[in-house]
Amino acid sequence: QKEVEQNSGPLSVPEGAIASLNCTYSDRGSQSFFWYRQYSGKSPELIMSIYSNGDKEDGRFTAQLNKASQYVSLLIRDSQPSDSATYLCAVNPRETSGSRLTFGEGTQLTVNP
Amino acid sequence: DVKVTQSSRYLVKRTGEKVFLECVQDMDHENMFWYRQDPGLGLRLIYFSYDVKMKEKGDIPEGYSVSREKKERFSLILESASTNQTSMYLCASSLFGLAHRSTDTQYFGPGTRLTVL
């Protein structure tokens, strides 16, 4: 089992719809969870971080965390073509030192005008 | 704003050459990381450093070494480049050192696309 798993996609949604990206992780003791966005040919940039169970909202983005189910998701409301990118889920596992992260393979999102 | 820079955006080398990839951050961060990113395999950690002259192996250290002589600079060295090291190399940094700060955020440089012929 991979430590961090994401649906590779591609996920395609129409402009204005809600895009839902999902991630599961294997280490039950994981403490911190991050969503990065990566445009083609560019480096990852942080969108959201979440540390507690529940929802965290930032503009059109909502991160949801359920530690009991070892599941974290990212919702993008009112999706725009500019949201088309690969979204990486990253987890800080309990047993590692410092801020080492384990990344999923990413989900490619396409928002169609 | 955190700024992480990498010495080259594109690099072409020949098999057997020694290759140096440089990364510099300007925010006095303790941690620095080197990843490679390949289609279907995602981001994989090669090495990281939590302090000057300190380093730890990541998930795929074979064929690589690193150097951190100054806090702001972290170098990745391919001792004898091989074609299977053709990849996108990404450097990242984060604020805290070994003290476990799980809320710490990593910031990435622009990446170096290395081709080994």
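What counts and how
- Residues numbered from 1 in each chain as written.
- Chains lettered and ligands numbered in written order.
- Predicted model: local features only at pLDDT ≥ 70, side-chain atom pairs only at ≥ 80, totals over all residues.
- Heavy atoms only, no water.
- Core = buried A, V, L, I, M, F, W, Y, C linked by side-chain atoms within 4.5 Å.
- Buried < 20%, exposed > 50% of the residue type's maximum accessible area, 1.4 Å probe, protein only.
- Contact = heavy atoms within 4.5 Å.
- Disulfide = S-S within 2.5 Å.
- Helix = DSSP H or I, 4+ residues; strand = E, 2+ residues; numbered from the N terminus.
- Phe/Tyr/Trp six-rings, centres within 6.5 Å; stacked < 30°, edge-to-face > 60°.
- Pairing = 2+ DSSP bridges.
- Axes fitted to C-alpha atoms, helices over the stretch in contact; angles between N-to-C directions.
- Polar contact = N/O pair within 3.5 Å; in protein donor to acceptor, adjacent residues only side chain to side chain.

Undergrad: Any chance you could break down the nonpolar core for me, citing the residues and the numbers?
TA: Counting 23 residues, the largest nonpolar core has Trp35, Val72, Leu74, Ile76 and Tyr87 of chain A as the members making the most contacts within it. When residues no more than four places from it in sequence are discounted, the contact partners of Val72 of chain A are Leu21, Asn22, Cys23, Phe33, Trp35, Ile50, Gln64, Leu65 and Cys89 of chain A.

Undergrad: Any details on the state of the cysteines? Residues and values, ideally.
TA: Under the counting rule described, the total for this entry stands at two disulfides over all chains. The side chain of Cys23 of chain A participates in a disulfide bridge whose partner is Cys89 of chain A; the two sulfur atoms lie 2.1 Å from each other. Taking the sign of the S-S torsion, -75° for the link of Cys23 of chain A and Cys89 of chain A, the bridge is left-handed. Within this pair, whereas Cys23 of chain A is found in strand β3 (residues 19-25), its partner Cys89 of chain A is found in strand β9 (residues 85-92), the two being separated by 66 residues in sequence. Across the pair, Cys89 of chain A and Cys23 of chain A agree in class, each one buried. Covalent S-S linkage joins Cys23 of chain B and Cys91 of chain B, the inter-sulfur distance amounting to 1.9 Å. Judged by the sign of its S-S torsion, about -75°, the cystine formed by Cys23 of chain B and Cys91 of chain B is left-handed. Residue Cys23 of chain B is found in strand β3 (residues 19-25), and its partner Cys91 of chain B is found in strand β9 (residues 87-94); the two are separated by 68 residues along the sequence. The class for Cys91 of chain B is buried, based on a relative accessible area of 0%.

Undergrad: Could you give me a rundown of the environment of Asn112 of chain A, with the residues and numbers involved?
TA: Residue and element names in this part refer to chain A. Turning to its location among the elements, Asn112 is positioned in strand β11 (residues 107-112). For Asn112 and Gly16, which are 96 residues apart along the polypeptide, the C-alpha to C-alpha distance reads 9.2 Å. Leave out the neighbours within four places in its chain, and Asn112 touches Ser12, Val13, Pro14 and Glu15.

Undergrad: Tell me about the packing of aromatic side chains, residues and numbers included.
TA: Using the criterion set out here, one finds ten aromatic pairs over all chains in the structure. On the numbers, 6.0 Å between centres and 70° between planes, the contact of Phe103 of chain A with Phe108 of chain B is edge-to-face. Linking Phe103 of chain A in strand β10 (residues 102-103) with Phe108 of chain B in strand β10 (residues 107-108), this pair reaches from one chain into another. Grouping residues by exposure puts Phe103 of chain A and Phe108 of chain B together as buried. An aromatic cluster is present here, built from Tyr36 and Phe103 of chain A together with Phe33, Tyr35, Phe48 and Phe108 of chain B joined pairwise through their rings.

Undergrad: Kindly report on the sheet that holds strand β7 (residues 64-70) of chain B, identifying the contributing residues and their values.
TA: Residues and elements named next belong to chain B. Read across the open sheet, the four strands follow the order β1-β3-β8-β7; overall the sheet is antiparallel. Whereas interior strands pair on both sides, the edge strands pair on one side only; in this sheet they are β1 (4-6) and β7. The average angle at which neighbouring strand axes cross in this sheet is 20°, direction not considered. Across three bridges, β1 lies against β3 in antiparallel orientation.

Undergrad: Give me the lowdown on the side chain of Ser93 of chain B, citing residues and values where you can.
TA: Here Ser93 of chain B lies in strand β9. At 2.8 Å, the side chain of Ser93 of chain B and the side chain of His29 of chain B are in polar contact.

Undergrad: Lay out the sheet that holds strand β6 (residues 54-58) of chain A in plain terms, naming residues and giving numbers.
TA: All names here are of chain A. The five strands lie next to each other as β1-β3-β8-β7-β6, forming an open sheet whose pairing is antiparallel. Two strands close off the open sheet at either side, each with one partner strand: β1 (4-6) and β6. Strand-to-strand twist of the sheet, defined as the mean angle between neighbouring strand axes without regard to direction, takes the value 20°. For strand β7 (residues 61-66) and strand β8 (residues 71-76), the ladder comprises six bridges, and the chain directions are antiparallel. If you follow Gln64 over to β8, its bridge partner there is Ser73.

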